[in-house]
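Chain residues, written in single-letter form:
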Amino acid sequence: MTTTNGHEGCALVTGASRGIGAAVAAALAEDGWPVGIGYRSDEAGARRVAEAITAAGGTAAPVAGDVADPEAAPRIFDELEERFGPVLVLVNNAGVRADGLAVQLEDDEWQRVLETNLSAAFRLTRRAVGTMVRKRFGRVVNIASVVGPKANAGQANYAASKAGLIGFTRTVAVEVARRGVTVNAVAPGFIETDMTEDLPAGVLDAVPARRAGRPEDVAACVRFLASPQAAYVTGTTLTVDGGLSA
Amino acid sequence: MPATVTAEQVETVVYDALVELGPTRDQLTRDATFESLDVDSLDLAELSQVVEEHFGVRLKGDDVAKIKTVGDALDLIIARAA
């Protein structure tokens, strides 16, 4: 379908049933993209996000699939392409944590985090970029983290996955830049979501802005990176952390 | 995908795809190297997608790394499609 922004295609946001993903989906819909609301198990949440977008005049549909499953990517893409056309904006947002000191991390805790946060992003990007290259347009935005470039005790698996995602972002960006396809990362700091609700008290004292970020703060950056105005921005990581990394 | 793939069908699809990527038709000969045609690795990745769509033949990264000329590509695709 032709979008209200003139493209024939759609956006896919993984992990979009709540938090940052939901805010990103809403922002992209405001820019005229029909949006696939990727979710693993929170069907009710995904439906709520899609309904809110529709009520606001946008177009959205929940798309089920555990991105850690290598067979999920083709299914998700087939479903979206049939409904809305090619995926021209991909936001790899789905992420999990399984915290513990490295000395105590189990293999499955390592594997699970790497699979969802990094390998899934690779598989989805591989599928998306093939089409984007031939369409001579595409936007991939990977939701990384300030953890990765920066240490955070207890999150060796998470940090490795996010640092890997940033390296992946830079390399793919270079590979496809000459086809009008950009690949960037956004690195949030402390953002108020379900994933960060168990953060220890006082952690915000380290944030120069003296507050946690909102999902909408991250969504605004993704929206920019997906926009025509960001056509010359690729291979970079945009940090959204209230000055934490400065 | 056709039941039997002929060399002519492969040549037509490959030449059409290559013209889309930049070279002119008269530059396309079996002996022409992709380097001389200014066809790079990303172009060959695109060509691989077209070939897979038409003939169900999947060319992997190390396959693509080995082919240097248009003839190399045609021969590989024909052999795989047989």
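Above: the structure in question.
A quick note: this is a predicted structure, and the numbers were derived from the prediction, not measured.

J.: Explanation requested: the overall build of chain B in the structure shown.
T.: Along its length, chain B carries four helices and zero strands. From first element to last, N terminus to C terminus, chain B shows the α and β order α-α-α-α. Taking 12 Å as the expected radius of gyration for a compact globule of 82 residues, we find that chain B reaches 11 Å, a close match to that expectation. Viewed in the frame of its principal axes, chain B has a C-alpha envelope of about 35 × 25 × 20 Å.

J.: Explain the pattern of salt bridges here, please?
T.: Oppositely charged side chains are able to pair whenever their charged atoms sit close together. Overall, the coordinates contain 18 salt bridges over all chains when judged by the stated rule. The shortest N-O distance in the salt bridge between Arg-134 of chain A and Glu-53 of chain B comes to 2.6 Å. In this pair, Arg-134 of chain A is assigned in helix H4 (residues 107-135) and Glu-53 of chain B in helix H2 (residues 41-55), connecting two distinct chains. For the salt bridge of Arg-30 of chain B with Asp-75 of chain B, the shortest nitrogen-to-oxygen distance reads 2.8 Å. In this pair, Arg-30 of chain B is assigned in the loop between helix H1 (7-20) and H2 and Asp-75 of chain B in helix H4 (residues 70-81), connecting sequence segments 45 residues apart. Three or more residues are tied together by salt bridges with common partners; here these are Arg-136 and Arg-179 of chain A together with Asp-43 and Glu-46 of chain B.

J.: When you look at the sheet that holds strand E6 (residues 181-188) of chain A in this model, what are you seeing that I'm missing?
T.: Sheet strands associate in pairs through backbone hydrogen bonding, adopting either a parallel or an antiparallel arrangement. All names here are of chain A. Strand order in this open sheet of seven strands is E3-E2-E1-E4-E5-E6-E7, and the pairing throughout is parallel. The open sheet terminates on both sides in strands that have one partner only, identified here as strand E3 (60-64) and strand E7 (237-240). Neighbour-to-neighbour, the strand axes of this sheet turn through a mean angle of 20°, independent of strand direction. The pairing of strand E2 (residues 35-39) with E3 spans five bridges and is parallel. Its bridge partner being in E3, Tyr-39 is matched across the sheet by Ala-64. Across the face of the sheet, helix H3 (residues 72-84) comes into contact with strand E1 (10-13), E2, E3 and strand E4 (87-92) while running at roughly 160° to E3. On the sheet, helix H5 (residues 156-176) packs against strand E5 (138-143), E6 and E7 and is oriented at approximately 160° with respect to E6.

J.: I tried to follow the packing of aromatic side chains on my own but got confused; where do I start?
T.: Where two aromatic rings form a pair, the distance of their centres and the angle of their planes describe that pair. Residue and element names in this part refer to chain A. Counted under the stated rule, the structure contains two aromatic pairs over all chains. Aromatic side chains Trp-33 and Phe-137 sit 6.3 Å apart centroid to centroid with 20° between the ring planes, which places their arrangement in the stacked category. Separated by 104 residues along the polypeptide, Trp-33 in the loop between helix H1 (19-30) and E2 and Phe-137 in the loop between H4 and E5 bring together distant segments of the chain. For the pair Trp-33 and Phe-137, one class covers both residues: buried.

J.: Even after reading the chapter, I still don't get the pairing of E4 of chain A, so can you show me in this structure?
T.: Moving residue by residue along a regular strand, the side chains alternate between the two faces of the sheet. Residue and element names in this part refer to chain A. Of all the six residues making up E4, six are buried; the element is thus mostly covered by neighbouring parts of the structure. Where E1 meets E4, four bridges bridge the pair, whose relative direction is parallel. Each bridged residue has a counterpart across the sheet, and for Val-13 the counterpart in E4 is Val-91. Assessed by its sense of winding, the connection that carries the chain from E4 through H4 to E5 is right-handed.

J.: Would you mind going over helix H2 (residues 43-55) of chain A with me for this structure?
T.: Along an α-helix, a turn takes 3.6 residues, which lines up residues three or four apart on a common side. Residues and elements named next belong to chain A. In this model H2 runs 18 Å from its N-terminal to its C-terminal C-alpha over 13 residues, within 8% of the 18 Å that 1.5 Å per residue would give. By the burial criterion, the buried members of H2 are Gly-45, Ala-46, Val-49, Ala-50 and Ile-53. One side of H2 carries all its buried residues, which in axial view fall inside an arc of 135°. Residues of H2 that are exposed and angled more than 90 degrees away from the buried face: Arg-48, Glu-51 and Ala-55. Structurally, H2 contributes buried residues whose contacts are with H1, E2 and E3. Once H2 finishes, Gly-57 follows within two positions and takes phi at roughly 100°, a positive value.

Cut-offs used in this document
Along each chain, the written sequence defines residue order, and numbers are assigned to residues from 1. Chains carry letters from A onward and ligands carry numbers from 1 onward, assigned in written order. The predicted origin of the model limits local features to residues at a pLDDT of at least 70 and limits the giving and counting of side-chain atom pairs to 80 or more, whereas totals for whole chains, interfaces and linings rest on all residues. The basis for every side-chain value is the complete set of non-hydrogen atoms in the structure, without hydrogens or water. For helices the rule is a DSSP run of H or I covering at least 4 residues; for strands it is a run of E covering at least 2, with both sets numbered from the N terminus onward. As defined in this context, the radius of gyration uses C-alpha atoms, and a globule is described by 2.2 Å times the residue total to the power 0.38. A side-chain nitrogen of Lys or Arg and a carboxyl oxygen of Asp or Glu constitute a salt bridge if their distance falls within 4 Å. A pair of strands counts as paired when DSSP detects no fewer than two bridges linking them. Simply put, an axis is a line fit to the C-alpha atoms, just over the touching stretch for a helix, and the angle between two N-to-C directions goes from 0 to 180 degrees. Residue contacts are counted whenever heavy atoms from the two residues lie within 4.5 Å of one another. Between 30 and 60 degrees the pair is tilted, below 30 it is stacked and above 60 it is edge-to-face, where a pair is any two Phe, Tyr or Trp rings, Trp via its six-membered ring, whose centres lie within 6.5 Å. Here's how the labels work: a residue is buried when its accessible area is under 20% of the maximum for its type, exposed when over 50%, partly exposed in between, all with a 1.4 Å probe on protein chains only. Orient the strands so they point away from the viewer; a crossover is then right-handed if the path from the first strand over the helix to the second runs clockwise. The length a helix should cover is 1.5 Å for every residue beyond the first. Arc definition: it is the arc formed by the directions from the helix axis to the C-beta atoms.

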